[in-house]
Amino acid sequence: MAEYQLLLPSMGEGVMEATIISWLFNEGDSVNEDDSVVEIATDKVDSDVPTPVAGKIVKILKQKDEVAKVGEAIAILEIAGEASSTTPEEKASAAETNTAPAPDHDVLKELEQPLAASATPTAFSGDLYLSPLVKSIAQQENISEDELKSIKGSGLEGRITKEDILAYVANRKTSATPSAKTTDASSVAASQPSASGPAPVPVQISGEDEIIPMDRVRKLIADAMVNSKRISPHVTSFIETDVTNVVKWRTKNKAIFEKREGEKLTFMPIFVRAVVKAIQDYPLINVSVDGDKIIKKKNINIGMATALPDGNLIVPVIKNADQLSLSGLAKAINDLAYRARNKKLKPEDTQGATYTISNIGSFGNLMGTPIIPQPQVAILAVGAIVKKPAVVETPEGDMIGIRQLMFMSHSYDHRVVDGSLGGLFLKRVHDYLQDWDPNTEI
């Protein structure tokens, strides 16, 4: 018999560690190849880790609530064979996964450059848990431990994540650098920075009020929303669209599609198709901001805001949506929505979005003002489709008819998207939906 080290696998770009939620097997249990053995949580999603080999778990190296780094051994299995550990190929793979790709950010790009000879790396005590990436950024930016302690972490148990420290650095560069901590209590209070702006107003709590702690996902959402409103000056445009042709087309094709594919045909593939075509017409909507640079994205990856049964929100991503047919979009959307609601998404399923759509009409809402997911620069909200009397232009003159109408709201980042671009893009989506061809094939 031989020992095999079960390593924490790579979980996508920018994900360097995960927290152990629970082990699905105990020490001494036998497992089969591809059995899910442990549940883990990253900053993005919760997922399972399968074992690539069959054997017996002889030692669990990372316990519940402990953090493991990508490529680190989390358990030891006893397997048949002569090898005493992982194979050379697996070791090489682990070495590769330990070197995570650098996120698109000027701070991280600077980390690739050697520190100046005169620079002295900042030392941190063991009282503050920092991942290697966060520690590197803090040292490169000369962020003191006192400053780090003032940052409200969005990770598990309040740990500082990559997004937290990058947001802090961005805010730090646009404001005065806090003075060093002194022994004077008033000076300390005055110099403490805040990653989320002014201190919140104290909440009055009575004896009958119920206190509900935020779960991990809700903390992440709250932090992301506050950061987005702080980073991006939001502007929202509205338009009302006649989607009568879209409704008629779906009504005619949904039964045929479900019988042929075993999948439901929703409105979302049509909305995605219209957005993709509008992005191709106005590619400067499909960008991100990096300091004073605009990064124009080659791929069109559409995020799809999805409500979860527990009330939280997640945004799975349709990769290369411009390369999918309507049928392909319908299948991809149904698959992502199903896996999102059943906690089966992989971390890479929520990464890389370049534009996001939120279907608030599914909750019966007419319109809304969505918040932009960073680092994107725009998001579209589609409202409920409602029958209304409306003026219809015909060769014989204007008439009043019953039409299927829908409001759309487009929020965009005014740093790089002005009213003309934001409004013209929304109008183009409107045109593609209103002029939908009833003979479109699915």
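What counts and how
- Along each chain, residue indices are assigned from 1 in the same order as the chain's sequence is written.
- Per-residue local features of the predicted model are confined to residues with pLDDT of at least 70, and side-chain atom pairs are confined, for both listing and counting, to 80 or more; whole-chain, interface and lining totals are unaffected and use all residues.
- Side-chain metrics rest on all non-hydrogen atoms present in the structure, leaving aside hydrogens and water.
- A helix here means a DSSP run of H or I that spans at least four residues, while a strand means a run of E at least two residues long, and both kinds are numbered starting from the N terminus.
- Per-residue accessibility, obtained with a 1.4 Å probe over protein chains only, is compared with the maximum for each type, and a residue is labelled buried under 20%, exposed over 50%, and partly exposed between these values.
- Contacts between residues were defined by any pair of non-hydrogen atoms, one from each residue, lying within 4.5 Å.
- All accessible-area figures derive from a Shrake-Rupley calculation using a 1.4 Å probe, and residue coverage is judged against the displayed protein chains alone.
- For two strands to count as paired, DSSP must find a minimum of two bridges between them.
- Interaxial angles span 0 to 180 degrees and are taken between N-to-C directions of axes, which are lines fitted to C-alpha atoms, for helices over the stretch in contact.
- Roughly parallel means an angle under 35 degrees; roughly antiparallel means over 145; roughly perpendicular covers 65 to 115; every other angle is labelled oblique.
- Note on convention: near helix rotated counterclockwise from far helix by under a right angle means a left-handed crossing. Clockwise means right-handed.
- Here a cavity means grid points, on a 1 Å grid over the protein atoms only, where a 1.4 Å probe fits yet cannot get out; a pocket means an open set of points with protein on both sides within 12 Å along at least five of seven lines; lining residues are those with an atom within 4 Å of a point.
- Grid points are joined across faces, edges and corners, and a volume is the space filled by probe spheres set on the points.
- Throughout this entry, Asp, Glu, Lys and Arg are counted as charged residues, while Ala, Val, Leu, Ile, Met, Phe, Trp, Tyr, Cys and Pro are counted as nonpolar. The remaining residues, Gly among them, count as polar.
- The span one expects for a helix is its residue count, reduced by one, times 1.5 Å.
- Only buried Ala, Val, Leu, Ile, Met, Phe, Trp, Tyr and Cys residues count toward a nonpolar core, and they belong to the same one when joined by side-chain atoms within 4.5 Å.
- Patch construction takes residues with relative accessible area above 30% that form no salt bridge. Like charges are linked within 9 Å, and nonpolar side chains (Val, Leu, Ile, Met, Phe, Trp, Tyr) are linked within 5 Å.
- In what follows, salt bridge is the name for a side-chain nitrogen of Lys or Arg lying within 4 Å of a carboxyl oxygen of Asp or Glu.
- The aromatic pairing rule takes the rings of Phe, Tyr and Trp, using the six-membered ring of Trp, and pairs them if the centres are within 6.5 Å, calling planes under 30 degrees apart stacked, those over 60 edge-to-face and the rest tilted.
- Only when the NZ of Lys or the CZ of Arg is both within 6 Å of the ring centre and within 35 degrees of the ring normal is a charge said to sit over the ring.

### Quick notes on the overall build of the protein
Phase 1: Per the secondary structure count, the protein includes eleven helices and 19 strands.
Phase 2: Across the 442 residues of the protein, 42% fall into the buried class.
Phase 3: Expressed as a percentage of contacts within the protein between residues at least 6 apart in sequence, the contacts between residues at least 24 apart total 64%.
Phase 4: Just so you have it, the protein exposes about 23,400 Å², and 52% of that area is on carbon and sulfur atoms.

### Remarks on the sheet that holds strand S1 (residues 2-7)
Phase 1: With respect to topology, four strands assemble into an open sheet ordered S1-S8-S6-S3, the strand pairing being antiparallel. Pairing within the sheet leaves two strands with one partner each, and these edge strands are S1 and strand S3 (30-31).
Phase 2: Where strand S6 (residues 55-60) and strand S8 (residues 73-79) come together, four bridges link them in antiparallel fashion. Looking across to S8, one finds that Lys59 is bridged to Ile76.

### With respect to the pairing of strand S4 (residues 36-41)
Phase 1: Bridge count between strand S2 (residues 17-23) and S4: four bridges; the pairing is antiparallel. Its bridge partner being in S4, Thr19 is matched across the sheet by Ala41.

### So, the packing of helix H9 (residues 268-281) against helix H10 (residues 326-341)
Phase 1: At their nearest, the axes of H9 and H10 sit 9 Å apart, and the two run at 120° to each other. If you check the angle between H9 and H10, you find them oblique. Like other packed secondary-structure pairs, H9 and H10 cross with a definite hand, here right-handed. Contact residues: Met268, Pro269, Ile270, Val272 and Arg273 in H9; Leu326, Leu329, Ala330 and Ile333 in H10.

### Side note on unusual backbone geometry
Phase 1: Each neighbour pair has its own omega, and for Gln374 with Pro375 the value is 5°, a cis peptide bond.
Phase 2: Note on placement: Pro375 falls in the loop between strand S16 (355-359) and strand S17 (378-382).
Phase 3: For Asp65, which is not a glycine, the phi torsion comes out positive at approximately 75°.
Phase 4: Checked against the element boundaries, Asp65 lands in the loop between S6 and strand S7 (67-69).
Phase 5: By relative accessible area, Asp65 is classed as partly exposed at 38%.

### Observations concerning the layout of surface pockets
Phase 1: Considered as a void within the structure, the second largest pocket measures approximately 480 Å³ in volume.
Phase 2: Those elements that provide at least two residues to the lining of the second largest pocket are S4 and strand S5 (46-50).
Phase 3: Partitioning the lining of the second largest pocket into residue classes produces eight nonpolar, four polar and seven charged.

### Notes on helix H11 (residues 419-434)
Phase 1: Helix length check: H11, at 16 residues, gives a terminal C-alpha distance of 22 Å against a target of 22 Å (1.5 Å per residue), a fit within 8%.
Phase 2: Elements in contact with the buried residues of H11: strand S9 (234-242), helix H8 (244-261), H9, S16, S17 and strand S19 (397-413).

### Notes on the nonpolar core
Phase 1: One finds Val272, Ile302, Tyr355 and Leu433 to be the most contacted residues of the largest nonpolar core, which totals 52 residues.
Phase 2: Secondary-structure elements contributing two or more residues to this core are H8, H9, strand S12 (302-304), H10, S16, S17, S19 and H11.
Phase 3: Among the elements that line this core, the one with the most residues is H9, at nine residues.
Phase 4: In this view, Ile302 contacts Val272, Val275, Val276, Ile279, Pro316, Val317, Ile318, Ala321, Tyr355 and Ile357; residues no more than four positions away in its chain are not counted.
Phase 5: If you look at the next biggest cluster of nonpolar residues, it comprises 23 residues, including Ala2, Val15, Val53 and Leu77.

### A short note on a nonpolar patch on the surface
Phase 1: Taken together, Val203, Ile205 and Ile211 make up a surface patch of nonpolar side chains, about 360 Å² in accessible area.
Phase 2: Along the chain, Val203 turns up in the loop between helix H6 (185-191) and helix H7 (216-231).

### Digging into the packing of aromatic side chains
Phase 1: Overall, the coordinates contain three aromatic pairs when judged by the stated rule.
Phase 2: Between the aromatic rings of Phe267 and Phe271, the centroid separation amounts to 6.2 Å while the plane-to-plane angle is 20°, which identifies the pairing as stacked.
Phase 3: When the ring centre of Phe267 is taken as reference, the NZ or CZ atom of Arg250 above it lies at 4.6 Å.

Such coordinate-based values are descriptive only and should not be taken to indicate function.
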